[in-house]
Each structure stands twice: as structure tokens, then as C-alpha cells.
Amino acid sequence: MTRTEDLKTHQYPDPTDVAYANRYPWAGGDDGYMPSGLRSQPQSSWREASPDRDDSGQSEVSSTRNQNYGEDSQIVRGALTFDSDYQASDANLTDDENVSDADSTDSVEPSDLLYSKEGEPFSQTTGRYTSLRLDGPATGQKRRGRGGRPRGQRGGQRGVKRGLRRPIEPTAEFKALHAQATMAFLAHNYEEAEDLILQALLINPEMYEAHNLLSEVHVARGDKDKALSAAWNGAHTRPRDPEMWSRIARLILERDDSKESLRDAVYCYNRIITVDSTNVEARYQRAALNHEIGHKKKAANEYEQLRKQLPHDTTVLRHLAEIYIELDDPHRALGYYRDTISHLQSIGAGAAESFTWSDINIVTELYAYQQRYDEGLVELKSLARWLLGRREDVFWETYTRDDREWDMDDEPRRIEIPGFVPGEYDTSSYGDGLPLELRIKLGVFRLRSESRDLEEAINHFEWLEPEDQQTGAKLYDYPDLYREAANVLRGQNYFHEALRYYEPLQQVGEYGDAHYYQELGACYRAVGLRTEAEDCFNTILEIDSRNMAARTQLAQMRREAGALQQDLQVGEALSVRQHKTRRPAENKGAKKSTREKAPTIWSMPPILAPCPAPQSAKKAALEKGKARDENIQTLFFRREELTEEVKMGNESSKAQWMTATKALIEEFSGNKVFYPIDKHHRFYGYTKEARNLAARPKHEIDAQVERSKSILETHDGQLIQIPEEYCGIAFDVWLDIFLEYGMEVAKAGDIKCAYEVIATAFHANVFFHSPESQYLIHVCWFACALIANDNETLCTIARWFMKNYQFVTDGYRLFAALNRLCDSENSWFNCGPSQKYILRQLKAVDYSLLGEARRKTLFQERASYTTKDSKGDPIQADDMDVALLMLYGHILYAGKSYAYAVNYFLRALALDPTNATIKLSLALGYLHYALKRQVENRHHILMQGLALLVEYYDSKQQSNSSSEKQEAEYNVGHAYHILGLTHLAIPYYERCLELSAAVQAESMRYNGEDFANEAAIALQGFWAASGNVEKAREVTERWMVI
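Calculation criteria
- Residues numbered from 1 in each chain as written.
- Predicted model: local features only at pLDDT ≥ 70, side-chain atom pairs only at ≥ 80, totals over all residues.
- Heavy atoms only, no water.
- Helix = DSSP H or I, 4+ residues; strand = E, 2+ residues; numbered from the N terminus.
- Buried < 20%, exposed > 50% of the residue type's maximum accessible area, 1.4 Å probe, protein only.
- Contact = heavy atoms within 4.5 Å.
- Areas by Shrake-Rupley, 256 points an atom, 1.4 Å probe, with all protein chains shown as cover.
- Phe/Tyr/Trp six-rings, centres within 6.5 Å; stacked < 30°, edge-to-face > 60°.
- pLDDT = per-residue confidence, 0-100.
- Salt bridge = Lys/Arg side-chain N within 4 Å of Asp/Glu carboxyl O.
- UniProt positions renumbered as here; feature names shortened; annotations may be inferred.
- Polar contact = N/O pair within 3.5 Å; in protein donor to acceptor, adjacent residues only side chain to side chain.
- Core = buried A, V, L, I, M, F, W, Y, C linked by side-chain atoms within 4.5 Å.
- Axes fitted to C-alpha atoms, helices over the stretch in contact; angles between N-to-C directions.
- Parallel < 35°, antiparallel > 145°, perpendicular 65-115°, else oblique.
- Left-handed = near helix turned anticlockwise from the far one by under 90°.
- Nonpolar A, V, L, I, M, F, W, Y, C, P; charged D, E, K, R; others polar.

A separate point is the overall build of the protein chain. Helices and strands together make up the secondary structure of the protein chain, namely 45 helices and eight strands. Counting every position in the protein chain, which comprises 1042 residues, the buried fraction comes to 42%. Considering only contacts in the protein chain between residues 6 or more positions apart, those separated by 24 or more positions represent 58%. Of the roughly 57000 Å² that the protein chain leaves accessible, carbon and sulfur atoms contribute 50%.

So, in C-alpha cells, the structure goes:
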């Protein structure tokens, strides 16, 4: 929404804009704020509506001012200070990264406000100055006195006072209109009051009282948006009034809690802190709002400032702990807490009043987030002892074997400890004094510590009384503690114990969510209660029918139940068959054998082992597989026959070839063996044993692969030979089928289908774990992207090559070449992700070349190593890569960051001082940097660029190639063209045209680029612009007519 549209809807300014200039709805256009008496009149006649104006269109007050001060009124400027957190952000950083290191402690002095000589204030904004006078000078301009020299300098007026001046006295016209508007407001005539106050604001828009009255009018009419807009405008007339900005912030937050409103409120608190950087309440509010918006680092910075103002304040520490947990830095928050604890304990009695059980709970959570459970146990008990008045009871510090210190009674365990004196402290300072939340924390820490003491953890969990489910039981007061205890027990595989705390939660309605039933069902299934587990998973599907986890669990359980039922049926059949075969022998045998019981399924050991499928089922499966193989081979041979005809351009054969290839791909991709749930499972065969082998730990498989790459051994000693084909077709041929089909589909224009086919090959485990196959897949991938002119995919694929072939120069050249070949409107070459990725590569090279002492301080860069040798060690760079430096330099150059680009070009030049391309890049970097508006010492930078340009030209002229000489002529001419030095550019362009014939002769032997057309276009423009039409026509007819 534009500013004009914003005013038309009567909304206050958006704080996401660059500047907060005072805008008034009556300053231009009929926007609904104009008084009814002036709406039909043109803007030039507004002043005529004033009864105090003379015939010249100026009011008497304005005429008097002009007579007193003339046209050379001076604008006095003061030094502006702003809160450092809200300066202009770096465009390359995210919102969370745009955080200042320290808050601004400078306050705005009275001299910082801007006033004209007439006494009218100028709005103080973020770097802009806006006059409140409708007929005043241009914004931000400084008037000059006689002689053309600015006042306040040598020769101008002296002794100009700076600072806050006495507010201007409102005109009589304003006072009359304001009084009438007030009377109309008191008479509840709000429409008339609005018209009158708007007329008054046209005369004196800097009067806060008028804005405040307008806001009250809108509040009385129930229009909160307009009321807020008026109050917002009025607040800028009193920029140093903290109470006013605080009121505006409250109105904004009462209006709604959208992100835009939160940012507006942050702006209000910015103004308060700019005036008074010690305002604790404003800083609290700004920190909370930043946290709610999602600017966590900004919020952390605010709380850090509050911690400096309020050292050892536990409220600040709680907020800091919450922020640093979200920022994954709990260690810092824990350090602050430990400092505060040491300080409070050193003070002595009464210090513990500001440190509560909630703070202990937060400290234990910080230990838990760092998984320091043994240290957390010691700290929890020590702090609890302190709050309970037993800090001197230090002998418990050395006893860490169990938690008998926190038993309810002294007997039977606590009294057994030497050094314990019964009755020395009240029993309420032991077990009964420990809050239940912290007791459960003790149990959790015990279970997750190195000892994994289940017995001691259960002792703590028993305080929840899980068997008591009557009204008033702890279950209804502490259901979250039940859930916490059950979760930790389940996480440690104590499923029976976990069910004691999961099952009572069914009585608490708000805890019956899908996640709860998922945990409960997992426990039931682990202990063998299938019916209860199925009920839990069915309940989840009633809550959420699309819950895939529950569906998967049910499917697995039903498959297991089906397999068991099949085993039972087969066992019964075998039992009957064996009984029949034994019956003749029993009839002829002794009486002892006739008394023997016929064997049942439960008394037959062989039946307990997995039973083979019936012979008929095996035969059917074999026949089905044989038919599938024959069908696939038929399709394959048909495709091979059509391949030669397709290469000759037969369209009808190509259609048949595409159909056969698509059918083959569908057959291959339909085999689940090639697409396991975990893509990291390698392919070892089609049998169940082979699939189980793939799920074994990687180190076991690697040990076998080192001995033999084609034969592996299962758990039962069975040898498996890894297949190299599918349906009689080698896997390499299958990969060719995928890639050839993807290329043909891309040429036909269906790039989405081409990407899907290539992705299908990429995810197949037979290709996913083959470096050679992955290389071919990605080559085909970027070939399809080139056909589709897909710059984003090209950058992604090029990054794969740089990742898997790190520190290889060709990878960086490929990235540059692919982006050069792609002609896309939106370039991904210098986008944020590409720039950051190349920078990480560059940092990894720098890290490799550092000494051990420096590496210890830059350990985070080690994560950028992406390739390993045969031993599994990261491969490091041997030397700095000039191509990588140039690539990153050109990315910065393309983003117009010329100063930073020159830095990397200079590094490359130091490594390769004779490289002409580096000199050209440096020269252009300097020239473009010199043309920027804010550059310092422009001519010096230009001379540096021109000197490098001459070096480039000289090195190219030494070449024996006419093409290289012509390239140098054109580049130097074009450089002068950029600088506007056409008289220097023309000779180079003309020599470029003269070398065209030699370049074309050379191109007969090898490919070369002729720059004659580009030079001719430039010369044509020069001659035409200078009026030499004949010369322009001559160049056109000779070089540009085909």
C-alpha cells in the first residue's frame, strides 16, 4: 500500500517504511479528511478560506513573518541520534541477524530538534527532514543568506542558538477554531467538531492539542483506526514525550496483535528509548514485542541490556533463559544464573527471597537441554537445600549414590548415613519441603544419568500416586508430571513402568490427543498387548484420519497377525498329514505305541520355526516372476530394435520407442526393493535375507565389503551374491534407459516429467550409492535444465558437483559456465544461497591453509568439508584456488558490491600476476566502483582502474592471436565508453573493426569470437548522436547489413 492509499484509509504510517515523516491527510487530495467546506475547492484556494488573509493569498501572520525574516530564513539543524538496534539493516542478513552489538546510550538533546527561524518544528525522522509548513522550502534544503554562503559559516550570522526553542504561539484563527471544535465536541456534535479541528490544523498543524482533540472525536464516534491515526500524527509533534509514545503503543496493541501492529508498537518504544535509554519498562516491552515478532536475537540483546541495568534480576534471567533455549545456546543463560546464584548466596540471609523454586526449575531445564544430568542432579539438590534453609548441611554434597536425603521420613534410609543428625533440621526441610515438580525432575535426571538408576527414579515417581484416581487426586492437579514421567520411562524402554503413568491420563480429557495415544499404543505393542494397541491406533485415526504413523503401526500389526495365522494353519495341516502317515505303523506296533497321543501343533518343535509357504504358492510366485521377466525382456528388445530408426529421424518409430521406454521405467520403479524406506540401505539382492542384511549396521557391512565386493554373509552364515542385473538387463543399461528417456522428454518440452524421471533414477538404491551413476545422473540433470533454460536447477546441480568434488577447479568453472550458458531473466548466479555457498567454500579453503593455532579459533569452518578420502578423513585444500576467488569476486561484482569484489580480485592477482582476465576484472571493478555516488577519492580509483586496464591491453597485444587482440581493443573501447570518454573509445572500436578479417580467417582453423558487430553498433550510436549521419550510415551498411 502506498502512502497516499494509506492516508485514504486513515491508517497510521507503517513502521516498515524507511522513514517516519510527519504526514497529514489534508496535505493533498480529497481523502475523506478534508473539511466539508473545503472539499469542493481547489488546493490553491484553501488559504482564501481564512478570514485573516490579505489579497495576496497570505495570512497576516505569514506576511508579518516574511517582513521580519525575509526570504533567507535559516534552518537550524542539530545532530540526530538514533537507537542503534534500528539503523539501516544489512540487506544480506536476516531479521534475526540485524542486531546491534550494544544499545545506544546517547539521548537526544533539545538541540536535536529542528526548527525554522519562525519557530516551526521540523519532523525528526530516521534520516529525513520534513517541513510542517505547507508553503515552506523544499524538504532537507538549507537556505542561504546574502552572498550565497550558508548562515552559521564564516561571513554569515553568528551566535545562532541551538536547542529546544519556545513553542510557537498559535494564531488567533487557530484558537477560535479550536475553541469552537471543543464546544462542538462537548455538545456531542462530532461531525462539526471534526470539520472545525481540521480547519484549525490547516493553519497550525504543529499543535498537539488539535491532534489530541481529533483523536478524542474519533474515539467518541467509535472509529479506533482514525483515532489512532490522529494520535500517531500528534505524537510526532511531541517527539520527546515518553508518556505520549507509551499511550500510542498501548492503543496499537489494543487494536490488534498482527505483526505489522507489533512493529508499530516497537517503533513507539524506540522513540521512548531514544529519549531515555534507561527506561526499563520501555525496554521490557520492546524486548517482549521483538520476541513475539520472531526477532529472537534482537530480544536477547534487549534483555542483555536490561541485565546490565538490573544485575541479578531473576525476571530478566527467566526471559534470557527462554530466549537462549530457543536460540540453542542454554550454556550462556546457565552462566548468568550461576553468577546470580553466587552473588545471592554471598549476600547472606534474605537473599533467597528473590530466588524462587521457579528459578531452580529453570536452572534444571538448562542442564537438561545440555544433557548434563549428573551435574544437574547435584545443582538441583544444592539449590533446594539452600532455599529450605539447610545450606550449611554440606555433608550431603559428597553423597551422590542415591537420593535418600529427600525421603519423607528419616527411617529407614536417611538415618543410616554417618554424619546425619536427626532433629537438627525440621523434617519439612527434607522430602516434604521439595516441590513435586522438582522431585519428578530428580527422577528424570536419575533415569537419564550415567547410572540409569530405575529404582531411585521410581521412588520419586511414586509420589504421584498413580493408583489414586479419585476426585482430588494428584492426577488431576499434575497431569503434565504424569506425562513427563511416562515419557522418560518409555524413552529408556521401561514400557511396563511407563504404562502405570500413561493409563491414568485417560481420565484427564484434555490429554487425550493423538500424540498421547501414539505413545500409549507403542507401549502396549512393546509389552505384547495387541488388542489394546490396536484400540489406541484406531482412536488416533478417529481423531486424525490422515495420521500416517498410526496407519503404519496398524498395517505392521495386521501383517504380523496374518503371518502368525498362516503359520498356525500350515502347522495344523502338517500335523494331520504326519498323524495319517503314522497311523499304519501304530496299528501294527505294540500297545505302548497305541497309547501314544497324536502330536498337536503345540507339541511339534519343527512347526515353531518359520514355515515355508505351500508348494503351490511358491510355484505361482515363480511363474509370475518368470512371466514378468519375459515381458520386460520383450519390451527391452523391441526398444533396442527401434533405437536405430529413432536416430535416423523416424517419428512413428520414436513414438513406439517412447512408449516401450516408459513401460520399462514403470516396471523398474514399481519394484520396492530398489526404493526402501531408508534410502541409505544399499542393494544386496531381492531376497528377504538380502533386505535384512541391508538394515544391519554400516560398519559390519563395510567389513564384509572389504573382503569381497560381490559376496556377503548373513547372520546364519548363508552366502549372498549381490546381483548386477534386473530381469536379465544390467543396471548400467537400466540407467541409460532412464537418462535417455529424460533427455527426450525434455527436448519435447515436458521439463517437469523429465525431472521426475531423473529423480526416480536418483533415488533408486542401485544408483544412489554408486558414484559413477550419480555423476551421470547429474550430468543429464543439468543437460535437461539447459534445454529448459532453468537457472535455479542449474545452480543446484552445479552445487552438487562442487560439494562432491570439493576443492576441484573444474567444479567452480562448471558453476560459472552453466550460469553463462543460461539466459534467464532472474539470475540465480548471485542470489543469496549461491553467494553464501561459495563463501563457505572459500572459507573452507582458507581454513585448510591456516596453521593449527588459528584453526582452533575457527573450528566452525571445518563443517564445510564435504569430501573424504578412503580412510574417511576430510580432504583439505592444498593451495588457494584462483578460479574460486574469481568466481566469488564476480558474484559480488554482479551484485554491484564492487569494493568487496576488488578485494577478491586482488587476492587472485597476487596468486597469478600475469593473468590478463584478472586484470580486466580488477579494472572494471575499480571503474564501476568509481562511478558510485558515495565513493570517496573518485579520481584516484579511476586512475587505478585505467592503469590495470592498460596492463590488460598490453598483455593481450603480445598474443599472436588476432582474436585476443580484437577482444582487447573492444574491451578497452567499451571501458572508455562507460566513462563517457567517446573520443578515446572511437579509435579502439575502429581498430576492432580492422581486425575482423583476420579473426574470421583464424576461425577457419578454430572457433573464435568476432566483436565487429558490437563495435559497429557502438560507433553507429556515436556518429548518429553527434550528427554525423553519413558516417553512421557508412558503418551500418558495411558492418550491420546482412
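Right, let's get into the packing of aromatic side chains. Inspection of the entire model under this criterion finds 45 aromatic pairs. Between Phe 668 and Phe 738, the ring centres sit 5.4 Å apart and the planes meet at 75°, which makes this aromatic pair edge-to-face. With Phe 668 in helix H26 (residues 651-669) and Phe 738 in helix H29 (residues 731-747), this pair connects stretches of sequence that are 70 residues apart. We classify Phe 668 as buried; its relative accessible area is 0%. For the ring pair Trp 800 and Phe 801, a centre distance of 5.0 Å and an interplane angle of 90° mean the geometry is edge-to-face. Accessibility assignment for this pair places Trp 800 and Phe 801 in one class, buried. Ring pairing ties together the aromatic residues Phe 668, Phe 674, Phe 683, Tyr 686, Tyr 726, Phe 731, Trp 734, Phe 738 and Phe 767, which thus form one cluster.

Before going further, it helps to spend a moment on the environment of Leu 489. Mapped onto the secondary structure, Leu 489 falls in helix H18 (residues 479-491). Leu 489 sits in the buried class, given a relative accessible area of 0%. Here the alpha-carbon distance between Leu 489 and Ile 458, two residues 31 residues apart in the chain, equals 9.4 Å. With near-sequence residues (within four places) excluded, Leu 489 lies in contact with Leu 447, Leu 454, Ile 458, Phe 461, Tyr 494, Glu 497, Ala 498 and Tyr 501.

The share of residues in the protein chain with pLDDT of 70 or more is 74%, and the mean pLDDT across the chain is 76. Of all helices and strands in the protein chain, the one with the weakest mean pLDDT is strand S4 (residues 129-131) (30), whereas helix H39 (residues 916-930) scores best (95). Within the model, pLDDT remains below 50 along residues 1-160, and this stretch shows 288 contacts once partners closer than five positions in the same chain are excluded. Under a pLDDT of 50 for its full length, residues 566-615 has, in the predicted model, 22 contacts with residues more than four places off or in other chains.

With the rule as written, the count across this model stands at 42 salt bridges. Between Arg 907 and Asp 846 there is a salt bridge, with the nearest N and O atoms lying 3.0 Å from each other. Of this pair, Arg 907 sits in helix H38 (residues 898-911) while Asp 846 sits in helix H35 (residues 832-848), placing them 61 residues apart in sequence. Judged by its relative accessible area of 25%, Asp 846 falls in the partly exposed class. What you see here is one network of salt bridges that share partners, running through Arg 385, Arg 390, Asp 393, Glu 397 and Glu 405.

Take the UniProt feature "repeat: TPR" (unreviewed entry) in the protein chain next. Taken from the UniProt record, the annotation "repeat: TPR" (unreviewed entry) applies to residues 514-547 and 882-915. Split by type, residues 514-547 is 79% helix and 0% strand. Its first and last C-alpha atoms lie 9 Å apart. The annotated region residues 882-915 carries 79% helix and 0% strand content, and the separation between its end C-alpha atoms amounts to 10 Å.

We now examine the side chain of Asn 791. Mapped onto the elements, Asn 791 comes out in helix H33 (residues 791-804). By relative accessible area, which is 4% here, Asn 791 ends up buried. At 3.0 Å, the side chain of Asn 791 forms a polar contact with the side chain of Asn 819.

Turning next to the environment of Gly 925. Mapped onto the elements of the fold, Gly 925 is located in helix H39. Judged by relative accessible area, Gly 925 falls into the buried class, the value being 0%. The spatial distance from the C-alpha of Gly 925 to the C-alpha of Gly 945 is 7.4 Å, given a sequence separation of 20 residues. Beyond its immediate sequence surroundings of up to four residues, Gly 925 is in contact with Tyr 893, Tyr 898 and Val 902.

It is worth spelling out the nonpolar core at this point. The biggest cluster of nonpolar side chains holds 114 residues, and the ones touching the most others in it are Phe 668, Phe 731, Trp 734, Phe 767 and Ile 777. Counting residues per element, this core draws most heavily on H29, which supplies nine residues. With residues up to four places along the chain from it excluded, the contact list for Phe 767 reads Phe 668, Phe 731, Trp 734, Leu 735, Ala 761, Ser 773, Gln 774 and Ile 777. With 71 residues, the next largest nonpolar core counts Ala 368, Leu 438, Val 488 and Cys 536 among its residues.

Before going further, it helps to spend a moment on the packing of helix H14 (residues 373-387) against helix H15 (residues 436-448). With their axes 9 Å apart at the nearest point, H14 and H15 run at an angle of 150° to one another. Overall, the two elements H14 and H15 adopt an arrangement that is roughly antiparallel. Considering how the two elements wind past one another, H14 and H15 form a crossing that is left-handed. In this structure, H14 contributes Tyr 373, Gly 376, Leu 377, Leu 380 and Lys 381 to the contact, and H15 contributes Leu 438, Lys 441, Leu 442, Phe 445, Arg 446 and Arg 448. Of the residues that constitute the contact of H14 with H15, the class distribution is six nonpolar, one polar and four charged.

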